[in-house]
Amino acid sequence: MDSKYASIGREKPKITNDLTVKRLKLCVNNANTKKDKEQTTNGATNNNKLENNFPKENTEDLKEARKSLPVYLVRTRIIEEIKKHDTMILIGETGSGKTTQIPQLIHEYRLEGKSCVAVTQPRRVAAITLALRVAAEMNTDIGSIVGYSVRFEDVTSPRTKVKYLTDGMLLREAVTDPLLKKYSIIVLDEAHERTVNTDVLFGIVKLAQKERNGQKQNPLKVIVMSATMDVDSFRKYYDNCPVIYLEGRTYPVTIYHSKIKHEDYQYAAICTIFQLHTTTPANEDFLVFLTGQEEIETVMSNIKQIAKETVGPQIRVCPLYAGLPAAKQLLVWKKTPPGMRKIVLATNIAEASVTIPEIRYVIDTGVVKERTWCTRTGAERLSVVPCSQAASWQRAGRAGRTAAGASYRLYTATDFKCRRQHNIPEIVRCPLTSTVLMLIATGLDPGTFPLIDTPPKDSIHAALLLLKELGAVDNESNPKLTVLGKKMTAFPIDPKYAKILLCAPEYGCLEEALSLVAVMSSENVFHTPLHKREDALKVKQKFISPLGDHITLLNVYRAFCKAPLKKQWCRENYLNHKNLSYAFDVRQQLLLVCQRLNLAVSSCGNATDQLLKCLLSGLFTNCAWSRAGGRYVTSAGAAASLHPSSVLHGRSANPALVYTELLHTQRSFLINVSVVQPQWLQQVAPEYARRCRSNR
């Protein structure tokens, strides 16, 4: 290894000297390896956030685990700081226990008063899992003192004092309660993720705090937390508030940079895996960062082939990515037998959202898939780009949770220094239609709303134009919600999907529209293992509709609902049980919203034209017309092809299609497409049809 890597010591994140930073020092003996291993596996910072499967522990064990956490050791100082300041930033290293312990401490000292503590999370599963963990530590039932609220699921009660919720749910609450009066303290966790919802929430909470203080109402305290963030920007945004740095219990991690640039990072990762595999003990597991499912499956296949001809311990390869079925996700945390090494191949979901015990070596390819959006064509571009320096440090930290470890970066030290310090915030590179609709519903001006990073004017204008075309606002210059727009805000889904449901009674197909929108709101329902791809495609044939992907998805959902043994049925049909179950729950919640709005629920039966016309009523901006060579051109003038996963791929071209998504990787692809009649666009959206003729 020495010939290929240059070693440097582990660096601490830099904090600018002119900041008001308080460091809370701890007396933690990192030499107590056995005890720390138990804490990491069973303690409050175990973030198995993909599944709600915690080790069974009695109350005394939980209490002991809490007491050993860094946050708990300085709890009195933290409470003093919270009492002293209306707003504070807390930088807590991975493993410090900040997310689970600080809300508990606030409640134990009764700082929330008669109100409630809100703790926001960017990810749904994180909010649920953290709430379950904290409820167990507080020895209370979930939904009682501790609860959670995520999209389509509210497990709280009037007794709830500590509430974990997604940032999107708190934004929805702000529509009806802009001052967020039910909360006295709001903890904005994982601030470094900088999702669109998180950034907007920063502004909503800041305005609510200012107005409540101005009206001399119950004051609102705000705590911004992260393991790593752009401290300068956040502190300036929050009026030079104090910054507190809390030390964690991470073990030393040695960083190795590649001495040469690797053109093929997948090949470099495989080489590094086997160099380490033949020279390190079997009980020391590996974590390899890749960009997506396809890469993970390719590398996994190569590892299994090479392992047959390589000397060394037995290997268990575990993939980890968002669309992976639940049963396979759990293998990541399953302990391997003695003499076997676990190699986890993961996307950036493993950077912060999950903690995998026994990882001693991280192999960091230094890349991530990033989505950007083109306002002119409406295309989302999915590109493999270098990850930020902050992400690199997060990845390296995965190796130092239970013992001293190492991170092998497959890029040079010079390359690392040239990288941006933090990820580009989503708000400057993603579509803002849902966000702008929410801001207007809250009574705020999207053009002047205070944000840490201002989005491009083109993005805001494109969002307002689409909302006008959907009938949600009356104009673009001084937008006000229409009657239809107010109804759209009742649905926690994309405005285009909300328009589909609101138009469905007119086409007599709300039954089918609910099912289709629910499946479209879920992750991919098809599961196609690399080694059984032909079998999976063969089984898929029985669901396929010649009209396209949307009716195919509807067929899958209908069959799932009829299946008596759903898990077994999904396994046999190469379908994702978790995602279909989620779609089932989503449909139930959407139906309740429709009933509150007094929408007539009826079925169109086999009249699929009615359903496709209804689909077009919300997705009319997503039309494409055929051109020579099997290509299509969208209404915005972008050329694209059918994605290979489409059931229409390889068939005769159709004059017109409606698609769910336009994705640009190395080429432009239409995702989830259905056949429509060209004249339908004129019937459904005549004004838009006239405007887009010039691009056809």
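Worth saying up front: this structure is predicted, and the values here are computed from it rather than measured.

## With respect to the state of the cysteines
- On inspection of all chains with the given rule, the structure shows zero disulfides.
- Looking at the unpaired Cys503, the closest cysteine sulfur is the one in Cys614, lying at 6.2 Å.
- Residue Cys503 is classed as buried on the basis of its relative accessible area, which comes to 12%.

## Things to note about the pairing of strand β17 (residues 380-386)
- Here strand β16 (residues 367-373) pairs with β17 via seven bridges, running antiparallel. Bridge pairing in β17 links Thr372 to Arg381.
- Of the pairings in the sheet, the one linking β17 to strand β22 (residues 656-664) comprises two bridges and is parallel in character. Looking at β22, one finds that Arg381 is bridged to His664.

## Some words on the packing of helix α8 (residues 196-214) against helix α16 (residues 433-441)
- Contact pair α8 / α16: the axes reach a minimum separation of 11 Å and the direction vectors enclose 20°. The pairing of α8 with α16 is recorded here as roughly parallel in orientation. Viewed along their axes, α8 and α16 form a crossing whose handedness is right-handed. Contacts between α8 and α16 involve Val196, Val200 and Ile204 from the former and Thr435, Met438 and Leu439 from the latter.
- Residue composition of the contact of α8 with α16, by class: five nonpolar, one polar and no charged.

## Regarding the pairing of β22
- Most of β22 sits out of view: eight of its nine residues are buried.
- In this structure, strand β19 (residues 623-626) lies alongside β22, joined through three bridges in antiparallel fashion. In the strand pairing of β22, Cys623 is matched with Val658.
- Linking β22 to strand β23 (residues 668-675), which pair antiparallel, is a turn of three residues.

## A word on the pattern of salt bridges
- Taken as a whole and judged by the stated rule, the model has 18 salt bridges.
- A salt bridge links Arg66 to Glu108; the shortest N-O distance between them is 2.8 Å. Here Arg66 is found in helix α2 (residues 59-67), whereas its partner Glu108 is found in helix α5 (residues 98-108), with 42 residues between them in sequence.
- Residue Arg66 is classed as buried on the basis of its relative accessible area, which comes to 9%.
- Between Arg558 and Glu512 there is a salt bridge; the shortest N-O distance is 3.5 Å. One end of the pair, Arg558, is in helix α22 (residues 549-562); the other, Glu512, is in helix α20 (residues 510-520), and 46 residues separate them in sequence.
- Through salt bridges with shared partners, a single ionic network connects Arg66, Glu108, Arg133 and Glu137.

## Quick look at the packing of aromatic side chains
- The final tally for this structure, using the stated rule, is 11 aromatic pairs.
- With a centroid separation of 5.8 Å and an interplanar angle of 90°, the aromatic rings of Trp393 and Phe416 are classed as edge-to-face. In this pair, Trp393 sits in helix α14 (residues 389-397) while Phe416 sits in helix α15 (residues 413-418), placing the two residues 23 residues apart along the sequence. Here the two residues Trp393 and Phe416 agree in accessibility, since each one is buried.
- Consider the rings of Phe620 and Tyr688, whose centres lie 5.4 Å apart with planes at 65°: the pair is edge-to-face. One end of the pair, Phe620, is in the loop between α25 (608-619) and β19; the other, Tyr688, is in helix α27 (residues 686-692), with 68 residues separating them in the sequence.

## Concerning the nonpolar core
- One finds Val200 and Phe491 to be the most contacted residues of the largest nonpolar core, which totals 115 residues.
- Counting contributing residues, this core receives three or more from each of domain 1 (59-246) and domain 3 (480-684).
- Beyond its immediate sequence surroundings of up to four residues, Val200 is in contact with Leu171, Ile427, Thr435, Met438, Leu439, Phe449 and Leu451.
- Counting residues in hydrophobic clusters, the runner-up holds 30 residues, among them Leu105, Val134, Val187 and Leu246.

## What about α5?
- For α5, a buried count of 10 out of 11 residues is recorded, marking the element as mostly surrounded by other parts of the structure.
- The complete set of buried residues in α5 reads Lys98, Thr99, Thr100, Gln101, Ile102, Pro103, Gln104, Leu105, Ile106 and His107.
- At the C-terminal side of α5, Arg110 shows a positive phi close to 55°.

The rules behind the values
- Residues numbered from 1 in each chain as written.
- Predicted model: local features only at pLDDT ≥ 70, side-chain atom pairs only at ≥ 80, totals over all residues.
- Heavy atoms only, no water.
- Disulfide = S-S within 2.5 Å.
- Buried < 20%, exposed > 50% of the residue type's maximum accessible area, 1.4 Å probe, protein only.
- Pairing = 2+ DSSP bridges.
- Helix = DSSP H or I, 4+ residues; strand = E, 2+ residues; numbered from the N terminus.
- Axes fitted to C-alpha atoms, helices over the stretch in contact; angles between N-to-C directions.
- Parallel < 35°, antiparallel > 145°, perpendicular 65-115°, else oblique.
- Left-handed = near helix turned anticlockwise from the far one by under 90°.
- Contact = heavy atoms within 4.5 Å.
- Nonpolar A, V, L, I, M, F, W, Y, C, P; charged D, E, K, R; others polar.
- Salt bridge = Lys/Arg side-chain N within 4 Å of Asp/Glu carboxyl O.
- Phe/Tyr/Trp six-rings, centres within 6.5 Å; stacked < 30°, edge-to-face > 60°.
- Core = buried A, V, L, I, M, F, W, Y, C linked by side-chain atoms within 4.5 Å.
- Domains from an automatic or database assignment.

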